[in-house]
Amino acid sequence: MSNHFPTNHSDVPIRLFKSDFLEFFTHISPLVVLIIWLPVGLYFLVSAIIMLPAGISGFFIPVAFLVGLFLWTLAEYSLHRFVFHYEAKSEKAQKIFFMFHGIHHAQPQCKTRLVMPPILSIPLAALFYGLFYVVFAFLLKAPLWIAPTFSGFILGYLAYDMIHYATHHFAMREGYLKYLKRYHMQHHYKTPTKRFGVTSPIWDSVFNTKPVE
């Protein structure tokens, strides 16, 4: 069983669970992602500003925010390539990875399976926050960088999910967005083992997964 199934253009979503309760959690609207993660990203950015100790310059805040955005692009690439496209060996593991991402390749136009469900995104966010805390608070001795960096990371993720949805369901006929749409459609229909970047092709270029045109 491969993680990449033939495309299915049916309007009826492929069912993943017999249980209606479990099946419910496999469908998610992009509005839910916005409602959950936009406040979270803004909260960490605002808290970094208003909780800045007296006498300390806030110049690092936009820098840390940009660092967070940059780190998201690497996380986006790594998760997509090494986790979502992991070629499992056992049939049970293949089914699990199919539910994570293979279903999207099997039915790429299904509107309710284009953004990451909270049941997956919330634990991942907690994991990355813990990682940032360890790195900035303990290793770099720069705890004030945690909030703005995490804000950039979360808003980078939010941009990824919204852009991913848009590449499948909006025209995007001009500029960089047109390029991203074409790039992602080539990932789906031409090179499913290449072009893992969704918001940027930078890491595909770095790690040689961007085919020569």
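Residues numbered from 1 in each chain as written. Predicted model: local features only at pLDDT ≥ 70, side-chain atom pairs only at ≥ 80, totals over all residues. Heavy atoms only, no water.

**Q** If you had to explain the overall build of the protein chain to someone new, which residues and values would you point to?
**A** A tally of helices and strands in the protein chain yields 8 helices and 0 strands. Mapped in sequence order, the helices and strands of the protein chain form the string α-α-α-α-α-α-α-α. A globule of 213 residues ought to have a C-alpha radius of gyration of about 17 Å, and the protein chain, at 19 Å, matches this closely. Dimensions along the principal axes, computed over C-alpha positions, put the protein chain at roughly 60 × 45 × 35 Å. Accessible area for the protein chain stands at about 11,900 Å²; split by element, carbon and sulfur atoms hold 72% of it. Positive and negative charge centroids in the protein chain, built from 17 and 10 side chains respectively, lie 4 Å apart. (Helix = DSSP H or I, 4+ residues; strand = E, 2+ residues; numbered from the N terminus. Rg over C-alpha atoms; globule rule 2.2 N^0.38 Å. Areas by Shrake-Rupley, 256 points an atom, 1.4 Å probe, with all protein chains shown as cover. Lys, Arg positive; Asp, Glu negative; His and termini not counted. Charge placed at Lys NZ, Arg CZ, Asp CG, Glu CD.)

**Q** Explain the pattern of salt bridges to me, using residue names and the numbers behind them.
**A** As enumerated under the stated definition, the model contains 3 salt bridges in all. Close ionic contact of R15 with D20 constitutes a salt bridge, the shortest N to O distance being 2.4 Å. E23 is paired through a salt bridge with R113; the nearest N and O atoms lie 2.8 Å apart. Of the two residues, E23 is situated in helix α1 (residues 20-24) and R113 in the loop between α4 (91-106) and α5 (118-139); the sequence distance between them amounts to 90 residues. Of the two residues, E23 and R113, neither departs from the other in class, the shared state being buried. (Salt bridge = Lys/Arg side-chain N within 4 Å of Asp/Glu carboxyl O. Buried < 20%, exposed > 50% of the residue type's maximum accessible area, 1.4 Å probe, protein only.)

**Q** Kindly report on the confidence of the model for the protein chain, identifying the contributing residues and their values.
**A** Here the protein chain shows a mean pLDDT of 92. Residues at 70 or above account for 94%. Here α4 is the element of the protein chain with the lowest mean pLDDT, 88, and helix α8 (residues 202-206) is the one with the highest, 98. Across residues 1-5, where pLDDT falls below 50, the model places 18 contacts with residues more than four positions away in sequence or in other chains. (pLDDT = per-residue confidence, 0-100. Contact = heavy atoms within 4.5 Å.)

**Q** Would you mind going over the packing of helix α2 (residues 30-50) against α5 in detail, with residue names and values included?
**A** Each pair of packed helices can be summarised by the angle the axes make with each other and by the distance between the axes. Where α2 contacts α5, the axes come no closer than 11 Å and their chain directions differ by 15°. Accordingly, the angle class assigned to the pair α2 and α5 is roughly parallel. In the packing of α2 onto α5, the handedness of the crossing is right-handed. Where α2 abuts α5, its residues V32, I36, W37 and F44 lie against P118, S121, I122, A125 and Y129. Here the contact of α2 with α5 is built from residues that sort into 8 nonpolar, 1 polar and no charged. (Axes fitted to C-alpha atoms, helices over the stretch in contact; angles between N-to-C directions. Parallel < 35°, antiparallel > 145°, perpendicular 65-115°, else oblique. Left-handed = near helix turned anticlockwise from the far one by under 90°. Nonpolar A, V, L, I, M, F, W, Y, C, P; charged D, E, K, R; others polar.)

**Q** Give a description of the nonpolar core that names residues and reports values.
**A** Soluble globular proteins: nonpolar side chains tend toward being buried together. Counting 35 residues, the largest nonpolar core has V33, W37, W72, M116, F150, F153 and Y157 as the members making the most contacts within it. Mapped by element, the contributors of at least two residues to this core are α2, α3 (60-84), α5 and α6 (146-169). Among the elements that line this core, the one with the most residues is α6, at 11 residues. Look past the residues within four positions of M116 in its chain and what remains in contact with it is I28, V33, F84, S121, L124, Y157 and D161. (Core = buried A, V, L, I, M, F, W, Y, C linked by side-chain atoms within 4.5 Å.)

**Q** Give me the lowdown on the side chain of H85, citing residues and values where you can.
**A** With respect to the helices, strands and loops of the structure, H85 is situated in the loop between α3 and α4. Among the polar contacts listed, one links the side chain of H85 to the side chain of H105, at a separation of 3.3 Å. Of the polar contacts made by the side chain of H85, one reaches the backbone oxygen of P192; its length is 3.5 Å. (Polar contact = N/O pair within 3.5 Å; in protein donor to acceptor, adjacent residues only side chain to side chain.)

**Q** Quick rundown of the environment of Q94? Include the residues and the values.
**A** Relative to the helices and strands, Q94 resides in helix α4. Within the local environment of Q94, its side chain forms a polar contact with the backbone oxygen of K89, the two atoms lying 3.3 Å apart.

**Q** Can you break down the environment of V134 residue by residue, with the values?
**A** Take V134: it is sitting in helix α5. On the accessibility criterion, V134 (40% relative accessible area) is partly exposed. C-alpha separation for the pair V134 and I146, spaced 12 residues apart in sequence, amounts to 9.4 Å.

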